[in-house]
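The primary structure of each chain is shown beneath.
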Amino acid sequence: MSGRTHAGACPERTCVGCRQRAAKTELLRIVAVEDACVPDPRGTLPGRGAYVHPASVCLDQAVRRRAFTRALRAPGALDTKALRRYVEQMTVAEQATP
């Protein structure tokens, strides 16, 4: 026996904010559309993606470190207003659910 388990492997990604590795399903994919960071919760938008925990702490760290610009290989600064609004809505929805 090789010692391998037959359980399905779970893909991992690194959060660009806190730099922690996590399961792909726990992270939010971000894509650059024109000059803005756009959330891609279904993971179907074309282009290079970056991953971040859907928490304002990780989002703030990523913005402060300019991680989205670097990870998405964007030529200039990216607008994160839509992304911040999406994360805040997710946070409110999670708190409302018992």
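Since the model is a prediction, treat every value here as computed from it, not as a measurement. (Residues numbered from 1 in each chain as written. Predicted model: local features only at pLDDT ≥ 70, side-chain atom pairs only at ≥ 80, totals over all residues. Heavy atoms only, no water.)

*Asks:* Looking at this model, I keep getting lost on unusual backbone geometry. Mind explaining?
*Replies:* Note on backbone geometry: most residues besides glycine have negative phi, and most peptide bonds are trans. Phi angles above zero are rare outside glycine, and E34 is one such case at about 55°. Along the chain, the position of E34 falls in the loop between β3 (28-33) and β4 (36-39). According to the relative accessible area criterion, E34 is exposed, its value standing at 76%. Despite not being glycine, R66 has its phi angle at roughly 60°, a positive value. Mapped onto the fold, R66 is located in the loop between α1 (56-64) and α2 (67-71). Residue classification places R66 among the exposed residues on the basis of a relative accessible area of 63%. (Helix = DSSP H or I, 4+ residues; strand = E, 2+ residues; numbered from the N terminus. Buried < 20%, exposed > 50% of the residue type's maximum accessible area, 1.4 Å probe, protein only.)

*Asks:* I would appreciate a short explanation of the packing of α1 against helix α3 (residues 81-96) in the present structure.
*Replies:* Two packed helices can be described by the angle between their axes and the distance between those axes. Contact geometry for α1 and α3: axes closest at 10 Å, N-to-C directions at 165°. The orientation of α1 relative to α3 falls into the category roughly antiparallel. Crossing geometry of α1 relative to α3 is assigned as left-handed. Contacts between α1 and α3 pair S56, L59, D60 and V63 from the former with L83, R84 and V87 from the latter. (Axes fitted to C-alpha atoms, helices over the stretch in contact; angles between N-to-C directions. Parallel < 35°, antiparallel > 145°, perpendicular 65-115°, else oblique. Left-handed = near helix turned anticlockwise from the far one by under 90°. Contact = heavy atoms within 4.5 Å.)

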